Amino acid sequence: MLLLSLVTDVSGTVNDTPQQVVTKYNNYKTICTGLGYIATQCNDEQRGSIAFQSSLKGNLENMKTYETVIFNQVSLNEGNTYNTTSGKFTAPVDGVYFFSWTTLSDAGKYFITEIVLNNIPIAYNRTDGRGRPNNSGFVMSSSNANIKMKKGDKVWIRTHYNYGQFARGGDRGEWCNFSGFKL
């Protein structure tokens, strides 16, 4: 009965301005929350942010063909969408997502990767120091991709063919990273 009277009162009168209706709604929402009612989601809508930031702690060497690059350290995982065991991001809702990844390799070595959506390559990243003499520093490159995803779709970084010779992640995971968020 209380809820019915609240709904009737929130709808307001013909003379209520839009701001008055919003104010009434917010007041009643506060009252309902105080009484223990929990807001429900509509149409499988995800509430809150969807964003992650992961990095590679340590180095990777001589990876297999199309092997998943697992960024094993997470500093942000809003929505709990990135899995450090599988190295995969899973979309909690339909939408367009932005992804970025960076890899570092040594001079004389290479680490070529691709971002994939459900095993289909979308974009590539070539970190190739083969033209540089050994001990002449490092090479680094970054790539980005906007990907339209359905709920449950997966995105991850993997080696492009067998070109995962060497990636330097660093002792703290400061050089190679993978991040993303919902636009």
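Residues numbered from 1 in each chain as written. Predicted model: local features only at pLDDT ≥ 70, side-chain atom pairs only at ≥ 80, totals over all residues. Heavy atoms only, no water.

An unreviewed UniProt entry lists the protein chain under the name C1q domain-containing protein, from Magallana gigas. UniProt, in the comment section headed Subcellular location (unreviewed entry), describes the protein chain in these words: "Secreted". (UniProt positions renumbered as here; feature names shortened; annotations may be inferred.)

A. Main features of the packing of aromatic side chains. According to the stated counting rule, one finds 14 aromatic pairs in the structure shown. With 5.0 Å between their ring centres and 80° between their planes, Phe-52 and Phe-178 make a pair best called edge-to-face. Placement of the pair is Phe-52 in strand β1 (residues 51-55) and Phe-178 in strand β12 (residues 177-182), with a sequence separation of 126 residues. Residues Phe-52 and Phe-178 agree in their burial class; the two are buried. Between the aromatic rings of Tyr-110 and Tyr-163, the centroid separation amounts to 6.1 Å while the plane-to-plane angle is 75°, which identifies the pairing as edge-to-face. (Phe/Tyr/Trp six-rings, centres within 6.5 Å; stacked < 30°, edge-to-face > 60°. Helix = DSSP H or I, 4+ residues; strand = E, 2+ residues; numbered from the N terminus. Buried < 20%, exposed > 50% of the residue type's maximum accessible area, 1.4 Å probe, protein only.)

B. Seen up close, the pattern of salt bridges. As enumerated under the stated definition, the model contains 5 salt bridges in all. Taking the shortest distance from any N to any O, the salt bridge between Asp-128 and Arg-130 comes out at 2.8 Å. With relative accessibility at 25%, the residue Asp-128 sits in the partly exposed group. Residue classification places Arg-130 among the partly exposed positions, given a relative accessible area of 41%. Salt bridges here are not isolated pairs; linked through shared partners, they connect Arg-126, Asp-128 and Arg-130. (Salt bridge = Lys/Arg side-chain N within 4 Å of Asp/Glu carboxyl O.)

C. Structural view of the sheet that holds strand β9 (residues 138-149). Taken in spatial order, the 5 strands line up as β3-β1-β12-β6-β9 in an open sheet, and their pairing is antiparallel. Lying at the two open borders of the sheet, with one neighbouring strand each, are β3 (73-78) and β9. With direction set aside, neighbouring strand axes in the sheet form an average angle of 5°. Pairing analysis gives 6 bridges linking strand β6 (residues 95-106) to β12, with the strands arranged antiparallel. Bridge assignment links Phe-99 to a residue of β12, and that residue is Gly-180. (Pairing = 2+ DSSP bridges. Axes fitted to C-alpha atoms, helices over the stretch in contact; angles between N-to-C directions.)

D. Region of interest: a nonpolar patch on the surface. The grouping of Tyr-66, Tyr-161 and Tyr-163 at the surface amounts to a nonpolar patch, some 280 Å² of accessible area in total. Structurally, Tyr-66 can be placed in the loop between β2 (59-61) and β3. (Patch = residues over 30% accessible without salt bridge, like charges linked within 9 Å, V, L, I, M, F, W, Y side chains within 5 Å. Areas by Shrake-Rupley, 256 points an atom, 1.4 Å probe, with all protein chains shown as cover.)

E. Representation of the environment of Thr-84 within the structure. Following the sequence through the fold, Thr-84 ends up in the loop between β4 (82-83) and β5 (88-90). Note: C-alpha distance between Thr-84 and Val-74 (10 residues apart in sequence) is 7.5 Å. Excluding its chain neighbours within four sequence positions, the residues that come into contact with Thr-84 are Ile-70, Phe-71, Asn-72 and Val-74. (Contact = heavy atoms within 4.5 Å.)

F. Structural context of the side chain of Asp-153. Among the structural elements, Asp-153 can be located in the loop between β9 and β10 (154-164). Comment: no salt bridge for buried Asp-153; closest opposite-charge side chain is Lys-150, at 7.6 Å. At 3.0 Å, the side chain of Asp-153 forms a polar contact with the side chain of Asn-118. A polar side-chain atom of Asp-153 sits 2.8 Å from the main-chain amide nitrogen of Lys-150. When sequence neighbours within four positions are dropped, the list of residues in contact with Asp-153 reads Phe-89, Thr-90, Ala-91, Leu-117 and Asn-118. (Lys, Arg positive; Asp, Glu negative; His and termini not counted. Polar contact = N/O pair within 3.5 Å; in protein donor to acceptor, adjacent residues only side chain to side chain.)

G. How the structure looks around the pairing of β6. β6 sits mainly inside the fold: 10 of its 12 residues count as buried. As judged from the 12 bridges shared by β6 and β9, these two strands associate in the antiparallel manner. Paired with Asp-106 across the two strands is Phe-138, which belongs to β9.

H. Structural detail: the sheet that holds strand β7 (residues 110-117). Across the sheet, which stays open at both edges, the 5 strands sit in the order β4-β5-β10-β7-β8 with antiparallel pairing between neighbours. Looking at strand neighbours, the two that pair on one side only are β4 and β8 (120-128), the edges of this open sheet. Summarising the sheet, β5 and β10 pair through 3 bridges and their orientation is antiparallel. The residue bridging Phe-89 from the neighbouring strand is Val-155, located in β10.

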